[in-house]
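# Summary of the model geometry
So you can see what is in the structure, the chains are spelled out below.
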Amino acid sequence: MEQMNDVIIALEGVTKCYGTLKAVDDLHLHIHKGEIFGLLGPNGAGKTTTILMMLGLTEPTAGSVQVCGYNATMQPIPVKNKVGYMPDSVGFYDGMTALENLVYIGRLNGVPESEVQSRARVVMEQVGLGADMHKKTATYSRGMKQRLGLADVLIKQPEVIILDEPTLGIDPTGIRDFLQLIKQLSIQQGLTVLLSSHHLHHVQQVCDRVGIFVNGRMLAEGDIDSLSGNLYNREGYATHITVEEAVVDTPALSCALQQLDAVQQVTVEGRQITISSTSDVTPILVRWMVEKGYGITGVQKKEYGLDDIYQKYFDNNLTGNTADEKSRRFFQKSFFKRHKN
Ligand SMILES: Nc1ncnc2c1ncn2[C@@H]1O[C@H](COP(=O)(O)OP(=O)(O)OP(=O)(O)O)[C@@H](O)[C@H]1O
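So, how was this worked out
- Residues numbered from 1 in each chain as written.
- Predicted model: local features only at pLDDT ≥ 70, side-chain atom pairs only at ≥ 80, totals over all residues.
- Pairing = 2+ DSSP bridges.
- Helix = DSSP H or I, 4+ residues; strand = E, 2+ residues; numbered from the N terminus.
- Near = placed C-beta within 6 Å.
- Nonpolar A, V, L, I, M, F, W, Y, C, P; charged D, E, K, R; others polar.
- pLDDT = per-residue confidence, 0-100.
- Contact = placed C-beta atoms within 7 Å.
- Buried ≥ 20, exposed ≤ 12 C-beta atoms within 10 Å, placed from the backbone.
- Axes fitted to C-alpha atoms, helices over the stretch in contact; angles between N-to-C directions.
- Core = buried A, V, L, I, M, F, W, Y, C linked by C-beta atoms within 7 Å.
- Domains from an automatic or database assignment.

Turning next to the pairing of strand E12 (residues 263-269). Along a regular strand, successive side chains alternate from one face of the sheet to the other. In this structure, E12 lies alongside strand E13 (residues 272-277), joined through six bridges in antiparallel fashion. If you follow Val263 over to E13, its bridge partner there is Ser277. Between E12 and the antiparallel strand that follows it, E13, lie two residues; Gly270 among them carries a positive phi value of about 60°.

Quick look at the site of the ligand now. Around the ligand, the neighbouring residues are Tyr18, Leu21, Ala23, Gly41, Asn43, Gly44, Ala45, Gly46, Lys47, Thr48 and Thr49. Within the residue set of the shell around the ligand, elements represented by two or more residues are strand E2 (21-32) and helix H1 (47-54). Per-element tally for the shell around the ligand: the top contributor is H1, with three residues. Of the residues assigned to the shell around the ligand, the class counts are four nonpolar, six polar and one charged.

The subject of this paragraph is the confidence of the model for the protein chain. On average, residues of the protein chain score 86 in pLDDT, and 86% of them are at 70 or above. The model gives residues 316-341 a pLDDT under 50, and that stretch makes 32 contacts with residues more than four places away or in other chains. This prediction of the complex comes with two scores: 0.74 for pTM and 0.95 for ipTM.

Right, let's talk about unusual backbone geometry for a bit. Even without being a glycine, Asn215 presents a positive backbone phi close to 50°. If you trace the backbone, Asn215 turns up in the loop between strand E9 (209-214) and strand E10 (217-222). Residue Asn215 is classed as buried on the basis of its C-beta count, with 23 C-beta atoms lying within 10 Å. A positive phi angle, close to 75°, is found at Ala262, a residue other than glycine. With respect to the helices and strands, Ala262 occurs in the loop between helix H9 (250-258) and E12.

Across a sheet, strands are paired by hydrogen bonds formed along the backbone, either parallel or antiparallel in direction. Taking strand neighbours across the sheet as the criterion, the six strands line up as E6-E7-E8-E3-E9-E10 in an open arrangement whose pairing is mixed. Bordering the open sheet on either side are strand E6 (83-86) and E10, each of which pairs with just one other strand. In this sheet, neighbouring strand axes are inclined to one another by 15° on average, regardless of whether the strands run parallel or antiparallel. Where E9 meets E10, five bridges bridge the pair, whose relative direction is antiparallel. By the bridge assignment for E10, Ile212 is matched with Ala220. Along the sheet, H1 makes contact with strand E3 (36-40), strand E7 (160-164), strand E8 (192-197) and E9, crossing E7 at roughly 155°. Along the sheet face, helix H5 (residues 142-154) touches E6 and E7 and points at about 160° away from the line of E6.

Turning our attention to the nonpolar core. Within the largest apolar cluster, 65 residues are counted, with the highest numbers of intra-cluster contacts made by Leu102, Met124 and Ala151. When sequence neighbours within four positions are dropped, the list of residues in contact with Met124 reads Ala98, Leu99, Leu102, Leu129, Gly130, Met133 and Ala151.

Domain annotation for the protein chain reports domain 1 (4-222) and domain 2 (236-301). For domain 1 and domain 2, the distance between their C-alpha centroids amounts to 48 Å.

Once that is clear, we can look at the pairing of E3. Most of E3 sits out of view: five of its five residues are buried. Neither face of E3 is exposed, since Ile36, Gly38 and Leu40 on one face and Phe37 and Leu39 on the opposite face are all buried. Note that E3 and E9 share four bridges and pair parallel. For Phe37, the partnering residue across the bridge sits in E9 and is Arg209.

Below, the structure written as structure tokens:
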């Protein structure tokens, strides 16, 4: 059961309209202390608008936003003190070294003069830029700039960090390292992390929970396992078994397998047998086949990853009762457009 005192970000019925456009539509979201939450959705879904409301930088049209015990709309200053925000594009003074840039940001954030130099050096080490802190940021790669952006956020010792599309434009190794760094910081410092992304593989790597956000609405929310579990409930399970030799009496085998508990459908094609069922009966099927004398050379259980979750929620009309046709088409359009690039 959810512990209310553990909730560090709470959005209740939040709506944001820009004229006639509902950028965020009746959003309810609770994020817990120490959690890494991924806000997943295509461009224009309303992720940035949601983040700006959490930071008190834009007012909701309706609903309330609580962050670290403060009302973000009414008390944006204490929220700003507790929350570090990294926008999708971070700028630096190219002519200054990375350390000088960080010290400058530290001062702007009110870090005491007596501490700012030493704290900046510690943070540079934490983000893995210890060896490069005296280089001018003009020479920094996009991945290094992203780490420096994270350092900018960490220097004020926040309780919550919010990262808007933090993996944009970094190469695959850089992305993996950056996400690992986030995970490590969250564990070591008990930091709560909200990261927004349109890239499902990235959030899958580090997030404890994800919310799938489309056209201003949260279509599904939970950890990857429970979202996958939902799919199993809707779709059933599938087991693929490969045997040594092509099955001779196909109808007899199909018929016999169908008598087993929970088995719904059986397809036999040469050496391949596919069994769909309402629960995970893979071990029972394997035992049964071995007892009947079949030599098994392969067993594969269908596992649903976030990819499938995306596919199922958006391609096959499984958007639950919260999404309408328009948002689904919108998502498909934006998602596939992005992925063609
Ligand atoms: N200041 C604004 N005035 C009018 N419309 C806006 C404003 N800011 C955002 N919008 C619109 O609100 C919707 C949500 O935008 P938002 O930037 O929150 O989405 P997003 O999920 O962050 O996407 P992206 O990754 O492209 O930034 C979009 O249709 C956008 O055009």
